[in-house]
Amino acid sequence: MPISPSQRRYLRSLAHDLHPVILLGAKGATPAVVKELDLALSHHELVKVKLSGGDKDEREAQIAYLTDGTGAESVQQIGHTVTLFRRNEDEPKLALPR
């Protein structure tokens with residue numbers, strides 16, 4: 001489900017005060033991290049992830065791995081922190097604008 005630009009703006013405003021829930025270590029994005037992120041997205045819908053060090057291409061690869069593994073969408077990326085969103089179809093917690 002692609003999110004519209006107005007929804008992306010709204011989600012960015014909500015994510016401003018959030019702290020990272022998932023912190024990637026030296027091994028980067030692993031299947032275990034994807035599993036934990038999947039649980040966090042099911043519970044919170046909007047999650048910040050602190051990426052491990054490395055160059056921009058490595059961070060982009062980590063984001064692609066996390067979004068492909070969980071079905072989430074990247075809302076924004078600032079430095080080493082990315083905000084991901086995935087709608088909980090059973091119990092939606094965030095009301096998105098049209």
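Just above sits the structure.
Described in the following lines is the structure provided in the data block. If you're wondering where the values come from, they're calculated on a predicted model, not measured in any experiment.

Considerations on the side chain of Gln7
If you trace the backbone, Gln7 turns up in helix α1 (residues 5-15). When its relative accessible area of 14% is taken as the criterion, Gln7 is described as buried. A distance of 2.9 Å separates a polar side-chain atom of Gln7 from the backbone oxygen of Pro97. Discounting chain neighbours no more than four positions away, the residues touching Gln7 are Pro2, Leu96 and Pro97.

Here we look at the sheet that holds strand β1 (residues 22-23)
Pairing in this open sheet of 4 strands is mixed, and the strands run β1-β2-β4-β3 from one edge to the other. The strands lining the two open edges of the sheet, one partner per strand, are β1 and β3 (73-78). Note: β3 against strand β4 (residues 81-85), 5 bridges, orientation antiparallel. Along β4, the bridge assignment pairs Glu73 with Phe85. The strands touched by α1 are β2 (46-50), β3 and β4; relative to β3, the strand with the most contacts, the crossing angle is about 55 degrees. The sheet strands contacting helix α2 (residues 31-44) are β1, β2 and β4, and the helix crosses β2 at an angle near 150 degrees.

A word on the pattern of salt bridges
One pass over the structure, following the stated rule, counts 3 salt bridges. Residues Glu73 and Arg8 are paired through a salt bridge, measuring 3.6 Å at the closest nitrogen-oxygen approach. Here the residue Glu73 occupies a position in strand β3, and Arg8 occupies one in helix α1, the gap between them amounting to 65 residues. By relative accessible area, Glu73 is classed as partly exposed at 21%.

A closer look at the side chain of Thr83
Along the chain, Thr83 falls in strand β4. With residues near it in sequence (within four places) discarded, Thr83 still touches Ala15, Leu46, Val47, Lys48, Glu73, Ser74, Val75 and Gln76.

Focus: the nonpolar core
The biggest cluster of nonpolar side chains holds 15 residues, and the ones touching the most others in it are Leu37, Val49, Leu66 and Leu84. No other element matches the 5 residues that α2 contributes to this core. With residues near it in sequence (within four places) discarded, Leu37 still touches Ile22, Val47, Val49, Leu66, Thr70 and Leu84. Grouped together as the second largest cluster of nonpolar side chains are 8 residues, Ile3, Ala15, Phe85 and Leu94 included.

What counts as what
Residues numbered from 1 in each chain as written. Predicted model: local features only at pLDDT ≥ 70, side-chain atom pairs only at ≥ 80, totals over all residues. Heavy atoms only, no water. Helix = DSSP H or I, 4+ residues; strand = E, 2+ residues; numbered from the N terminus. Buried < 20%, exposed > 50% of the residue type's maximum accessible area, 1.4 Å probe, protein only. Polar contact = N/O pair within 3.5 Å; in protein donor to acceptor, adjacent residues only side chain to side chain. Contact = heavy atoms within 4.5 Å. Pairing = 2+ DSSP bridges. Axes fitted to C-alpha atoms, helices over the stretch in contact; angles between N-to-C directions. Salt bridge = Lys/Arg side-chain N within 4 Å of Asp/Glu carboxyl O. Core = buried A, V, L, I, M, F, W, Y, C linked by side-chain atoms within 4.5 Å.

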